[in-house]
Amino acid sequence: MRGTALAAVTMAGVLTLAGCAKDTGNSSNNASGSTGNSGSSCVTAPKPPAAPELATSSSAAGGKVDASKLKIGLAFDVGGRGDASFNDAAAAGTDKAKADLGVTQVSESTASASEAESAKQQRLEQMAADGLNPIIAVGFAYAPSVAAVAPKHPGTKFAIVDDDSINQPNVTPLVFAEEQGSFLAGVAAVYKSKSCHIGFVGGVNTPLIQKFEAGYIQGAKAVSDKVKIEDEYLSPAGDFSGFQDPAKGNVKAAAEIAKGADVVYHAAGASGKGVFDAAKAGKALAIGVDSDQYNQKTVAADKDIIITSMIKRVDVAVFNYIQAVAKGDLSVLPKRFDLKVDGVGYATSGGKVDDIKDVLDGYKAQIIDGTIKVSDKPSK
């Protein structure tokens, strides 16, 4: 998402890249993902005030509608359905529309890592020619194609996830505050770290993934003035293979763990499987992304080391968009799916962050009320 940059919060403590003492404690990290580290010696900031009740509001488009006449096109990004991450979240949105709104037809197509831009355009053109309406493009990589195809089909509604650069009356952006949810991931990582040394693995070095990186670093710094952070990307901008290369994800994460990181957060799509495998092999912990990856079948072998996931509710955005189209009122959609509308958040499956939920919710409330401003640009 190329959302508006938010001002960085002023907070005590800066990143210390050396001299981070090893917490010897009475136990070491293990693959069971033990939750008994809420008193981490890495934490130097006081606990935030308790979160008030009803700190979030619903992002629902409102009211059950009949969407049975809609014929939906779902153009997946690299990885497609089954990536245990971003695309699966979008698929969950259309699956819910089938169950709750009566949708009967969803046509899916998936991009390949090396395909030309013309292939994306052809995919969208074919969907429009087949009478699919609305058409949902999953990922910012579709922006040039949506911009080219949408004006040719003014009667067809398009939505694009993670991009708000297209100024066309029939195009709706579905964008998120990834940096806000990632801030909470950074807080969780520090509280669960025994070495005061954590890591981040990004898929592709783009402004979108930099938002995950920015929030994670800021959240970690907010609670510790001595944490050390490893920070790596799998591929440069323009090379989308970083979202579908588990082997490379494994190598990068293993290198961070070898340097001392004992909690690693990934924003790397299907490559996250390799990050999880490396964390398990290295007796470290991991934080998932987009979907609640603790419950994803494709990474089930590593669920014991997944302490939480930064939830990016692409499923909610896709479902709400379909609901709004069926209702005939797109104005009910939020401009951005953020913490306030439950557009991003953190997962609690497995109970591994139950002991710090009050801390996470306290920071969440401060972000919602504006006390903390989370930047979407990394500050290293």
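Procedures and definitions
Residues numbered from 1 in each chain as written. Predicted model: local features only at pLDDT ≥ 70, side-chain atom pairs only at ≥ 80, totals over all residues. Heavy atoms only, no water. Helix = DSSP H or I, 4+ residues; strand = E, 2+ residues; numbered from the N terminus. Buried < 20%, exposed > 50% of the residue type's maximum accessible area, 1.4 Å probe, protein only. Contact = heavy atoms within 4.5 Å. Areas by Shrake-Rupley, 256 points an atom, 1.4 Å probe, with all protein chains shown as cover. Phe/Tyr/Trp six-rings, centres within 6.5 Å; stacked < 30°, edge-to-face > 60°. Lys NZ or Arg CZ within 6 Å of the ring centre and 35° of its normal. Pairing = 2+ DSSP bridges. Axes fitted to C-alpha atoms, helices over the stretch in contact; angles between N-to-C directions. Expected span 1.5 Å × (residues − 1). Arc of directions from axis to C-beta. Left-handed = near helix turned anticlockwise from the far one by under 90°. Nonpolar A, V, L, I, M, F, W, Y, C, P; charged D, E, K, R; others polar. pLDDT = per-residue confidence, 0-100. Disulfide = S-S within 2.5 Å. Parallel < 35°, antiparallel > 145°, perpendicular 65-115°, else oblique.

Enquirer: Give a detailed account of the overall build of the protein, specifying residues and quantitative values.
Expert: A count of helical and extended segments in the protein gives 9 helices and 11 strands. In the protein, which comprises 380 residues, the share counted as buried stands at 56%. Once local pairs closer than 6 in sequence are excluded, the contacts in the protein between residues at least 24 apart make up 74%. When the accessible surface of the protein is totalled, it reaches about 14400 Å², and 51% of it is carbon and sulfur.

Enquirer: Just give me the short version of the packing of aromatic side chains, but keep the residues and values in it.
Expert: The tally for this structure, following the rule as stated, stands at 7 aromatic pairs. Three or more aromatic residues joined by ring pairs form one cluster here, namely Phe200, Tyr216, Tyr233 and Tyr265. Its end group placed over the ring of phenylalanine 319, lysine 96 keeps NZ or CZ at 4.9 Å from the ring centre. Over the aromatic face of tyrosine 142 sits the side chain of lysine 120, whose NZ or CZ is 5.9 Å from the ring centroid.

Enquirer: Describe the sheet that holds strand E6 (residues 197-204), naming the residues involved and giving the relevant values.
Expert: In space, the 6 strands of this open sheet follow the order E7-E6-E8-E9-E10-E11, with mixed pairing throughout. In this open sheet, the two edge strands, each paired with only one partner strand, are strand E7 (228-235) and strand E11 (344-346). If you compare each strand with its neighbour and ignore which way they point, the axes differ by 15 degrees on average. Along the sheet, helix H4 (residues 178-192) contacts E6, strand E8 (263-267), strand E9 (285-290), strand E10 (306-312) and E11; its crossing angle with E10, the most-contacted strand, is approximately 170 degrees.

Enquirer: Outline helix H8 (residues 314-327), listing residues and values.
Expert: With 14 residues, H8 should cover 20 Å at 1.5 Å per step; its first-to-last C-alpha distance of 20 Å lies within 8% of that length. Of all 14 residues in H8, 11 are buried; the element is thus mostly enclosed. What H8 keeps buried is the set Val314, Val316, Ala317, Val318, Phe319, Asn320, Tyr321, Ile322, Gln323, Ala324 and Val325. In the segment just after H8, glycine 328 is the residue with positive phi, at about 80 degrees.

Enquirer: Give a description of helix H6 (residues 246-258) that names residues and reports values.
Expert: End to end, H6 covers 18 Å across 13 residues, agreeing with the expected 18 Å (1.5 Å per residue, within 8%). Those residues of H6 that sit buried are Gly249, Ala253, Glu256 and Ile257. Here the buried residues of H6 occupy an arc of 100 degrees about the axis, which is enough to place them on one side. Among the exposed residues of H6, those oriented more than 90 degrees off its buried face are Ala247, Val251 and Ala258. Where H6 is buried, its residues contact E6, E7, E8 and helix H7 (272-281). Just past H6, the residue glycine 260 takes up positive phi, approximately 125 degrees.

Enquirer: An account of the packing of H6 against H7 is requested, with residue identities and associated values reported.
Expert: Interaxial distance between H6 and H7 falls to 6 Å at its minimum, and their mutual angle equals 40 degrees. Viewed along their axes, H6 and H7 form a crossing whose handedness is right-handed. Residues Pro246, Gly249, Asn250, Ala253, Ala254 and Ile257 of H6 pack against Lys273, Gly274, Val275, Asp277, Ala278 and Ala279 of H7. Classifying every residue of the contact of H6 with H7 by side-chain character gives 7 nonpolar, 3 polar and 2 charged.

Enquirer: Give me the lowdown on the confidence of the model for the protein, citing residues and values where you can.
Expert: Interpretation of this model should avoid reading the predicted coordinates in detail wherever pLDDT is low. Across the protein, pLDDT averages 88, with 87% of residues at or above 70. Every residue in residues 1-39 is under pLDDT 50, and counting partners more than four places away or in other chains gives 92 contacts.

Enquirer: Give me the lowdown on the state of the cysteines, citing residues and values where you can.
Expert: Per the counting criterion, the structure on display carries 1 disulfide. Here cysteine 42 pairs with cysteine 196 through a disulfide, and the sulfurs are 2.2 Å apart. One disulfide, between cysteine 42 and cysteine 196, carries an S-S torsion of 60 degrees and so falls in the right-handed class. Separated by 154 residues along the polypeptide, cysteine 42 in the segment before strand E1 (71-76) and cysteine 196 in the loop between H4 and E6 bring together distant segments of the chain.

Enquirer: Could you give an account of the packing of H4 against helix H9 (residues 357-368), naming the residues involved and the relevant values?
Expert: Two numbers describe how H4 lies on H9: the axes approach to 10 Å, and their chain directions differ by 150 degrees. When the axes of H4 and H9 are compared, the pair comes out roughly antiparallel. Where H4 crosses over H9, the two elements pack in a sense that is right-handed. Note on element contacts: H9 touches H4 through Val359, Leu360, Tyr363, Lys364 and Ile367, opposite Gln180, Phe183, Leu184, Val187, Ala188 and Tyr191. Classifying every residue of the contact of H4 with H9 by side-chain character gives 9 nonpolar, 1 polar and 1 charged.

Enquirer: Hey, could you go over the pairing of strand E3 (residues 135-138) for me, with residue numbers and the actual values?
Expert: Residues Ile135 and Ala137 of E3 are buried on one face, and the alternating residues Ile136 and Val138, pointing to the opposite face, are buried as well. When E1 meets E3, the two strands line up parallel, connected through 3 bridges. Looking at E3, one finds that glycine 73 is bridged to isoleucine 135. Judged from the 4 bridges that link them, E3 and strand E4 (residues 158-161) form a sheet pairing that is parallel.

Enquirer: Break down unusual backbone geometry for me, with residues and values.
Expert: With omega at 10 degrees, the peptide bond leading from asparagine 133 into proline 134 counts as cis. As for its position among the elements, proline 134 is in the loop between helix H2 (117-129) and E3. Even without being a glycine, lysine 283 presents a positive backbone phi close to 55 degrees. Structurally, lysine 283 can be placed in the loop between H7 and E9. Classification of lysine 283 as exposed rests on a relative accessible area of 57%. Residue aspartate 290 is not a glycine yet carries a positive backbone phi of 70 degrees. Looking at where aspartate 290 falls in the secondary structure, it is placed in strand E9.

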